[in-house]
Amino acid sequence: MAELQNRALKGTGSEPGFHQLTRADLIALASGKFTGSLIGRLRTAELSKNVLLLEAVRREAVRSGSDEIIAIIDSAREVLRVAQISQPGIVARLFALPHFGLWVVECLMRLKNRTEQPGAADIGHLAAFAAVAALRTRQQCHLRLPVRDGVVYLPTLGRITVPSGSGLSWADFFSDGHGATVVSGAWKMPLPAGSPSGRNWMPAYSVTARSQGLEIRLSLEDSDPFLSQLAPSPCPISPGLAQEWQQRLTETWELLTRYHRDVALGLAGTLTAIIPSSELERGQPVTATSGWAWGSVLLSLPPDKLSFAEALTHEFHHLVLAAVEDITTLIGVAHDDLCYAPWRDDPRPRSALLQGSYAFFGVAEFWLRQSHAGVCVSRQKAQAEFARRSENVADALSELRGWTGLTAAGHLFVGQMADQLAGLLAEPVDPPARAMARQVNSEHRAQWLRANGGTVAGSSTMPTAKR
Amino acid sequence: MAESVVKARPGLLDLSAASLADLPRLDEAALEAAVDRLIQPCDGVDDATTVISGHVRIWQNYRTER
């Protein structure tokens, strides 16, 4: 283990090492200036987070879990430990997955909760990660894999349909260095280390795009037992739908790499998975990001490349700020008052404004660049979107600046965003586009005030008591 | 402020190169503090909508009509 990590360990007599962001780093990130190095450090920090939470799960299980749960964790960890010795990069990549991040935090929260303990199948999902590691490192081992609704899921690889006759909730996984065999009762299926196949095997769908020297590869996670729970309306991927995602990504990636290079660079370094969702209402896209499932975004299939590019830009900023907040505390209070968020119909905690502000700050810059690109969209639409979102962010930042809930780092971040935004607001916008943006914003605020009873003249802040 | 580290509270332990074999030696108090810091503040930053509930730290791009 590197010296930095040793210092966190017992008996070394030194202070632990921490991920750190300098003032210059925060200024760069708050300004939307992304470099490969900086993004790489955020990604490494997220790996640390997941490793930390895995150890917390182990300890919490020892404290409060059943013997069965402890045994499941120990056997999976042992396989991962052996894999880590021979090929640490493979295990690190597994631990950095959004699949792993969401699994580990779900289990930890439930173990800590004590009232809603995770089931053995939930904890047992760690064995699925271990099985993937064993396959990739050609390790000989035996694991027990949970069978959910007749399916064994192997993260990033695919899923195995276990014949319904077995009726078992666990399958045995035996690997011998050349591949593995999955056994459930009398049924068994070979799983070659290279590329599994067979009628019971369904490989994970993925889409890839390359443009301007930048490549992105995204898995479409419709069946991961944890990630798929995030989708408000699950959307099973068919070969035809995967093709649509591929086509949409190809044209979107070309646009992003050509006109939004920094964002594309950042996406290539952070995003690894899309959790597909159906629209809840026709024409109303669903897009979301979870700081726990870092590296993934939840999306309904965007109707066109501009919508896709805008959504990815928006969600990418959430991912960045989530990692920043994991490293550096920006907000120092757990509870705060409610206020107007220009992108929401409901009153929002002031602390939540920071995430929204940053995401829409990225969106405002996106539309400004689009207005200069002058392709695929009318200049007026791009300008109207830019004007609307930059004004939204200005409103939100005015709620945040001077707010005592921010830490010193939070003030630095918000202040830098505001400085950067001042430059954006000085950008020339055609009067019709500006007028359209102002009208939409004004109508939204008026509607919000009517719905939420904001009556304080000159202020959109809601009294805390209304929360 | 010079090129100083901006860190309001103890932050995220760097375990990116840690081996699973060594993790049990991680100081209990250091681990607890790091986990609490990651999990506790999130309750206040929850931006989940009614569409996705039960999860903290989800930011849904909530679109108003254009």
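Model, not experiment: these values are computed from the prediction.

A look at the packing of helix α2 (residues 23-30) of chain A against helix α14 (residues 408-425) of chain A
All names here are of chain A.
Then, number 1: It is the contact of α2 with α14, at a shortest axis distance of 8 Å, that shows an interaxial angle of 40°. Taken together, the axes of α2 and α14 lie oblique to each other. Regarding α2 and α14, the two cross each other, and that crossing is right-handed. Seen from α2, the contacting residues are Arg-23, Leu-26, Ile-27 and Ala-30; seen from α14, they are Ala-409, Leu-412, Phe-413, Gln-416, Met-417 and Gln-420.
Then, number 2: The residue inventory of the contact of α2 with α14, partitioned by class, reads seven nonpolar, two polar and one charged.

Observations concerning unusual backbone geometry
All names here are of chain A.
Then, number 1: Despite not being glycine, Thr-156 has its phi angle at roughly 70°, a positive value.
Then, number 2: Within the fold, Thr-156 resides in the loop between β2 (151-154) and β3 (158-161).
Then, number 3: At Gln-212, a residue that is not glycine, the phi angle is positive and equals roughly 55°.
Then, number 4: Inspection of the secondary structure assignment puts Gln-212 in the loop between β8 (205-211) and β9 (214-220).
Then, number 5: Overall, the presence of 13 C-beta atoms within 10 Å leaves Gln-212 in the partly exposed class.

A short note on the nonpolar core
Residue and element names in this part refer to chain A.
Then, number 1: Core analysis: the biggest nonpolar cluster contains 158 residues, and Ala-130, Ala-131 and Ala-133 have the highest contact counts within it.
Then, number 2: Per-element tally for this core: the top contributor is helix α11 (residues 305-327), with 13 residues.
Then, number 3: With near-sequence residues (within four places) excluded, Ala-133 lies in contact with Val-79, Leu-80, Ala-83, Ile-90, Val-91 and Leu-94.

Observations concerning the pairing of β2 of chain A
Then, number 1: Sheet topology note: the β2 of chain A/β3 of chain A ladder contains four bridges and is antiparallel. Its bridge partner lying in β3 of chain A, Tyr-153 of chain A is registered against Arg-159 of chain A.

Considering the confidence of the model for chain B
Residue and element names in this part refer to chain B.
Then, number 1: For chain B, the average pLDDT comes to 63, and 44% of its residues sit at 70 or higher.
Then, number 2: Across chain B, helix α1 (residues 28-39) holds the top mean pLDDT of 88, while helix α2 (residues 42-45) sits lowest at 36.
Then, number 3: Across residues 1-8 the pLDDT falls below 50, and counting only partners more than four positions away or on other chains, this stretch makes 22 contacts in the model.
Then, number 4: This stretch, residues 41-56, has a pLDDT under 50; its non-local contacts, to residues over four places away or in other chains, come to 39 contacts.
Then, number 5: In the predicted complex, the global pTM is 0.90; the interface-specific ipTM is 0.88.

How each quantity is defined
Residues numbered from 1 in each chain as written. Chains lettered and ligands numbered in written order. Predicted model: local features only at pLDDT ≥ 70, side-chain atom pairs only at ≥ 80, totals over all residues. Axes fitted to C-alpha atoms, helices over the stretch in contact; angles between N-to-C directions. Helix = DSSP H or I, 4+ residues; strand = E, 2+ residues; numbered from the N terminus. Parallel < 35°, antiparallel > 145°, perpendicular 65-115°, else oblique. Left-handed = near helix turned anticlockwise from the far one by under 90°. Contact = placed C-beta atoms within 7 Å. Nonpolar A, V, L, I, M, F, W, Y, C, P; charged D, E, K, R; others polar. Buried ≥ 20, exposed ≤ 12 C-beta atoms within 10 Å, placed from the backbone. Core = buried A, V, L, I, M, F, W, Y, C linked by C-beta atoms within 7 Å. Pairing = 2+ DSSP bridges. pLDDT = per-residue confidence, 0-100.

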